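# Observations on the three-dimensional arrangement
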Amino acid sequence: MKKKSDFLNNSVNIGTWISTGSPVVADLVSCFSFDWLLLDLEHGSAPESQLPEIIRTIRNEQVHIIVRVPDSNAATIARVLDWGADGIMLPHVSSAKEAQECVAAMRYSPLGSRGYSSTVRAYQYGLKPPSDPHLVETLFFAQIENYDGVKNVDEIAAVDGVDVLFVGPADLRLALEHQKGNQRIEFDDALRQVAEASLKHAKKAGILLRERSAYSDLRALGYDNIAIDSDLGILRKGYADIIERFKGG
């Protein structure tokens, strides 16, 4: 039985990205003891219609399934949770208001706006409905990926319902490279600000890590919810290694 408290109390949670949208890959990855898996509807290869099949193939009942939605559309968030996802990752969170809107879409009335049905897959199609829908636990990863997100990170972290401040390093680097004005934020400073806000408000600090050699440095900064690479990245590196080793590049 998955518990949100176990996830939040872990000293470090290791996850990985599933970008291919392949049920076979999701099934394989779930054979390993990851703490969480990210299914990507923003940049991933599978359409939303394939998400229920992918979720069903994940055999590890202890792993937390997080779905990155493309935006804060409340209907999409509700469907994803109804299908059995344990949490939502929302990209480009720039303000506390945006975080609050996502939290509202994840929670049932009167705490939020999510519609309730006891017959969805998350409740075994009516066989195991929650005794109290308000006690249903979900995880919310708020992605910090731009200047405003960093500038407002303390207010975002203070939002009830935000569990993880998650840095999207590619988007954040790109955004900070094109800052205007005098109040510039460097990438390393942004990482520190996110980690400090997470610690201050007792939230997890997360990031997608491509270069595994940077793991120790990120842990030292306070990052404790780390996604190690993606299925696409791991496949790409594996095939590149074969070609380099056996065909000389």
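The notes below deal with the structure included here. Note that the structure is a prediction, hence the values are computed from the model and not measured.

### A word on helix α8 (residues 169-177)
Along α8, the positions that sit buried rather than exposed are P169, L172 and L176. Viewed end-on, α8 has its buried residues packed into an arc of 65 degrees, placing them on one side of the element. Exposed side chains of α8 directed beyond 90 degrees from the buried face belong to A170 and E177.

### Considerations on the packing of helix α4 (residues 74-82) against helix α5 (residues 96-106)
The N-to-C vectors of α4 and α5 enclose an angle of 45 degrees; their axes lie 9 Å apart at closest approach. One element, α4, and the other, α5, form an angle in the oblique class. When you trace α4 past α5, the crossing you get is right-handed. Across from A74, I77 and L81 in α4, the residues of α5 making contact are C102, A105 and M106.

### Looking at α5
Among the residues making up α5, those that are buried are A96, A99, C102, V103, A105 and M106. Packed against the buried residues of α5 are α4, β4 (87-90), β5 (139-144) and α7 (153-157).

### Describing the packing of aromatic side chains
By the definition in use, this model includes seven aromatic pairs. The aromatic ring of F187 is capped on one face by R173, whose charged end is 3.9 Å from the ring centroid.

### Considerations on the pairing of strand β8 (residues 225-230)
In terms of burial, β8 is largely enclosed, as six of its six residues are buried. The pairing of strand β1 (residues 13-18) with β8 spans four bridges and is classified as parallel. Residue pairing for β8: W17 is matched across the bridge by S230. Pairing of strand β7 (residues 204-209) with β8 involves four bridges; the strand directions are parallel. Directly across from I207, in β8, lies its bridge partner I226.

### Some thoughts on the pattern of salt bridges
In total, this model carries 14 salt bridges according to the counting rule given. Between K151 and D148 there is a salt bridge, with its nearest N and O atoms 3.7 Å apart. Taken together, the residues K151 and D148, both in helix α6 (residues 147-151) and three residues apart, mark about one turn of the helix. Under the relative-accessibility criterion, K151 is labelled partly exposed at 49%. R192 is the partner of D189 in a salt bridge, and the nearest nitrogen-oxygen pair spans 2.4 Å. With D189 and R192 both in helix α9 (residues 187-200) and three residues apart, the pair spans about one turn of that helix. Beyond isolated ion pairs, a larger network of salt bridges with shared partners links D40, E42 and R68.

### Digging into the sheet that holds strand β6 (residues 164-167)
Spatial strand order, β1-β2-β3-β4-β5-β6-β7-β8: eight strands in a closed barrel with parallel pairing. Between one strand axis and the next, the sheet turns through 25 degrees on average, direction left out of account. Bridge count between strand β3 (residues 64-68) and β4: three bridges; the pairing is parallel. Looking across to β4, one finds that I66 is bridged to G87. With respect to the sheet, α9 is in contact with β5, β6 and β7, its orientation differing from that of β6 by roughly 170 degrees.

### Some words on the environment of W83
Take W83: it is sitting in the loop between α4 and β4. Separated by 41 residues in the primary sequence, W83 and Q124 place their C-alpha atoms 9.7 Å from one another. Contacts of W83, omitting those with residues within four sequence positions, involve E48, L51, P52, I55, R121 and A122.

### Digging into the pairing of strand β2 (residues 36-40)
Burial within β2 is extensive, with five of its five residues counted as buried. When β1 meets β2, the two strands line up parallel, connected through four bridges. Its bridge partner being in β2, I18 is matched across the sheet by L39. Considered for its hand, the β-α-β crossover made up of β1, helix α2 (residues 23-29) and β2 is right-handed. Pairing of β2 with β3 involves five bridges; the strand directions are parallel. The residue bridging W36 from the neighbouring strand is H64, located in β3.

Each value, and the rule that gives it
Residues numbered from 1 in each chain as written. Predicted model: local features only at pLDDT ≥ 70, side-chain atom pairs only at ≥ 80, totals over all residues. Heavy atoms only, no water. Buried < 20%, exposed > 50% of the residue type's maximum accessible area, 1.4 Å probe, protein only. Helix = DSSP H or I, 4+ residues; strand = E, 2+ residues; numbered from the N terminus. Arc of directions from axis to C-beta. Axes fitted to C-alpha atoms, helices over the stretch in contact; angles between N-to-C directions. Parallel < 35°, antiparallel > 145°, perpendicular 65-115°, else oblique. Left-handed = near helix turned anticlockwise from the far one by under 90°. Contact = heavy atoms within 4.5 Å. Phe/Tyr/Trp six-rings, centres within 6.5 Å; stacked < 30°, edge-to-face > 60°. Lys NZ or Arg CZ within 6 Å of the ring centre and 35° of its normal. Pairing = 2+ DSSP bridges. Salt bridge = Lys/Arg side-chain N within 4 Å of Asp/Glu carboxyl O. Right-handed = clockwise from strand over helix to strand, strands pointing away.

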